[in-house]
Amino acid sequence: MYDTSKLVILDRDGVINHDSDDYIKCLEEWIPYASSIDAIARLSQSGWSVAIATNQSGIARGYYDEETLASMHYELNRLVAAAGGRIAHIAYCPHGPDDGCDCRKPRPGLLVQIRQALGLSTLSGSWIVGDSLRDLQAGEAMGCRSVLVRTGKGKRTETKGSGLEHTMIFDDLAAFTDWLLSQ
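Residues numbered from 1 in each chain as written. Predicted model: local features only at pLDDT ≥ 70, side-chain atom pairs only at ≥ 80, totals over all residues. Heavy atoms only, no water.

1. Comments concerning the overall build of the chain
Then, number 1: Within the chain, the regular secondary structure consists of 6 helices and 6 strands.
Then, number 2: Reading the chain from its N terminus to its C terminus gives the helix and strand order β-α-β-α-β-α-β-α-β-α-β-α.
Then, number 3: Taking 2.2 N^0.38 as the reference for a compact globule, 183 residues should give roughly 16 Å; the C-alpha atoms of the chain span a radius of gyration of 15 Å, in line with that estimate.
Then, number 4: The buried share of the chain, reckoned over its 183 residues, is 49%.
Then, number 5: Counted over contacts in the chain with a minimum sequence separation of 6, partners at least 24 positions apart contribute 63%.
Then, number 6: Surface summary for the chain: the accessible area is close to 8,200 Å², and the carbon and sulfur share equals 48%. (Helix = DSSP H or I, 4+ residues; strand = E, 2+ residues; numbered from the N terminus. Rg over C-alpha atoms; globule rule 2.2 N^0.38 Å. Buried < 20%, exposed > 50% of the residue type's maximum accessible area, 1.4 Å probe, protein only. Contact = heavy atoms within 4.5 Å. Areas by Shrake-Rupley, 256 points an atom, 1.4 Å probe, with all protein chains shown as cover.)

2. Quick notes on the UniProt feature "site: Stabilizes the phosphoryl group" (unreviewed entry) in the chain
Then, number 1: Within this numbering scheme, the UniProt entry marks T54 and K105 as carrying the feature "site: Stabilizes the phosphoryl group" (unreviewed entry). In terms of the greatest pairwise C-alpha distance, the residues named above, spread along 52 residues, form a tight cluster of at most 8.0 Å across.
Then, number 2: Residue position: T54 is located in strand β2 (residues 49-55).
Then, number 3: Assessed through its relative accessible area of 0%, T54 is described here as buried. (UniProt positions renumbered as here; feature names shortened; annotations may be inferred.)

3. Concerning unusual backbone geometry
Then, number 1: The residue after K105, namely P106, is reached through a cis peptide bond having omega 25°.
Then, number 2: Tracing the backbone through its elements, the reader meets P106 in the loop between β3 (89-93) and α3 (109-117).
Then, number 3: Residues other than glycine seldom take positive phi values, yet Y23 does so here, at roughly 75°.
Then, number 4: Here Y23 lies in the loop between β1 (7-10) and α1 (34-45).

4. Re helix α4 (residues 133-141)
Then, number 1: Within α4, the full set of buried residues consists of D135, L136, A138 and G139. Summarising the axial view, the buried residues of α4 lie within an arc of 160°, below the 170-degree limit, and thus occupy one face.
Then, number 2: Looking at the packing, one finds that the buried side of α4 touches α3, β4 (127-130), β5 (145-149) and β6 (167-170).
Then, number 3: Following α4 by one or two positions, G143 adopts a phi angle in the positive range, close to 85°. (Arc of directions from axis to C-beta.)

5. Details of the sheet that holds β1
Then, number 1: Read from one edge of the open sheet, 6 strands run β3-β2-β1-β4-β5-β6, paired in parallel fashion. With partners counted over all chains shown, the strands left at the sheet margins are β3 and β6, one partner each. Each neighbouring strand pair of the sheet contributes to a mean axis angle of 20°, computed without reference to strand direction.
Then, number 2: Two strands pair when backbone bridges link them, and β2 and β3 are joined in this way by 5 bridges, in the parallel orientation. The residue bridging A51 from the neighbouring strand is H89, located in β3.
Then, number 3: Against the sheet, α3 contacts β1, β2, β3 and β4, and its axis sits at roughly 150° relative to β3.
Then, number 4: Sheet contacts for helix α6 (residues 173-182): β1, β4, β5 and β6; angle to β4, the most-contacted strand, approximately 155°. (Pairing = 2+ DSSP bridges. Axes fitted to C-alpha atoms, helices over the stretch in contact; angles between N-to-C directions.)

Have a look at this one:
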């Protein structure tokens, strides 16, 4: 059912919704980019599968709980479905940076979870879209093609310039989607 060559894996905060240095702690603070919801729907309608890999250390830090995160993801799925799209899987890391887990990006554990959930043998050739270097590093470890978007922390990441040698850069998810669907 799923095809690695037609899979786009997205970071959440800064790619799909506005990011905050103070964390997205409740549904009211989760503010999607309308163009990203539309982009996910357009990808789905064009035969692409979309998955999400998101670090959510705010859970480990006690800023919100998994039920609150689930409410945000329910709303994300609802908005995408209302726009005519579908999200194949959402993988999240609830751990903090010092917890030593294998799922917190830049480690590839979330992508392994997505690969397993979608029944794929590899993620090689799929796309990873993020606004930080750690998103891209997680994808590259799994053979994904990498895209940096300038939304969220993307402009800051682009300005630093390191680790972007094999990365395509777009203004936002909608611009990447326009390019991808024109290929």
